[in-house]
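Structural features, examined
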Amino acid sequence: MSRRAAGVIFLAISAFLTGVKYLTASIYSTSVPASAYGADSFKQWLDYVGGNLTTYSIITLIAGIIYLILAEIYDFDKK
């Protein structure tokens, strides 16, 4: 697998983890029948989900960007 493909896969994983965080918060918010809907309540549910998904998403985003930059550098050096 090339560095460029690995970088794109890392970026896709980062986007997936970010989406999972918001999807999980929205599922949690619908599980409580008497909750008020709005930005404040959704922020509360995002806090309930925690920061691990955000941390992993940022790590994979940085890894993906590094892999893409390295692929471009190595491709430029070959020419």
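Residues numbered from 1 in each chain as written. Predicted model: local features only at pLDDT ≥ 70, side-chain atom pairs only at ≥ 80, totals over all residues. Heavy atoms only, no water.

It is worth spelling out the overall build of the protein at this point. Each helix and strand counted, the protein has three helices and zero strands in total. In the protein, the succession of α and β elements from N to C terminus is α-α-α. On C-alpha atoms alone, the protein measures out to a radius of gyration of 18 Å, which is more than a quarter above the 12 Å that the 2.2 N^0.38 rule sets for 79 residues. Along the first, second and third principal axes, the C-alpha set of the protein runs to 65 × 15 × 15 Å. Looking at the protein as a whole, 19% of its 79 residues are labelled buried. Partitioning the intrachain contacts of the protein with sequence separation of at least 6 by distance along the chain shows that 75% fall at a separation of at least 24. Split by element, the accessible area of the protein, about 5800 Å² in all, is 68% carbon and sulfur. Within the protein, the 5 negative side-chain charges are centred at a point lying 7 Å from the centre of the 6 positive side-chain charges. (Helix = DSSP H or I, 4+ residues; strand = E, 2+ residues; numbered from the N terminus. Rg over C-alpha atoms; globule rule 2.2 N^0.38 Å. Buried < 20%, exposed > 50% of the residue type's maximum accessible area, 1.4 Å probe, protein only. Contact = heavy atoms within 4.5 Å. Areas by Shrake-Rupley, 256 points an atom, 1.4 Å probe, with all protein chains shown as cover. Lys, Arg positive; Asp, Glu negative; His and termini not counted. Charge placed at Lys NZ, Arg CZ, Asp CG, Glu CD.)

With 29 residues, helix α1 (residues 3-31) extends 42 Å from end C-alpha to end C-alpha; this agrees with the ideal 42 Å at 1.5 Å per step. For α1, the full list of buried residues reads A6, G7, S14, L17, K21, A25 and S29. (Expected span 1.5 Å × (residues − 1).)

So, about the pattern of salt bridges. In the structure shown here, the tally under the stated rule is one salt bridge. Here E72 and R4 are joined by a salt bridge, their closest N and O atoms 2.9 Å apart. Of the two residues, E72 is situated in helix α3 (residues 52-78) and R4 in helix α1; the sequence distance between them amounts to 68 residues. Residue class for E72 comes out partly exposed when judged on its relative accessible area of 45%. Judged by relative accessible area, R4 falls into the partly exposed class, the value being 37%. (Salt bridge = Lys/Arg side-chain N within 4 Å of Asp/Glu carboxyl O.)

This next bit is on the packing of α1 against α3. Axis separation between α1 and α3 bottoms out at 7 Å; the angle between their running directions is 160 degrees. Of the possible angle classes, the one that applies to α1 and α3 is roughly antiparallel. Note on packing geometry: the crossing formed by α1 with α3 is left-handed. Classifying every residue of the contact of α1 with α3 gives 17 nonpolar, seven polar and five charged. (Axes fitted to C-alpha atoms, helices over the stretch in contact; angles between N-to-C directions. Parallel < 35°, antiparallel > 145°, perpendicular 65-115°, else oblique. Left-handed = near helix turned anticlockwise from the far one by under 90°. Nonpolar A, V, L, I, M, F, W, Y, C, P; charged D, E, K, R; others polar.)

So, on to the side chain of S57. Relative to the helices and strands, S57 is located in helix α3. Look at S57 and you get buried, because its relative accessible area is 6%. If sequence neighbours within four positions are ignored, S57 has contacts with S14, L17 and T18.

Mapped onto the elements, S29 comes out in helix α1. Only 2.8 Å separates the side chain of S29 from the backbone oxygen of S26, close enough to count as a polar contact. (Polar contact = N/O pair within 3.5 Å; in protein donor to acceptor, adjacent residues only side chain to side chain.)

In short, geometric facts, not functional conclusions.
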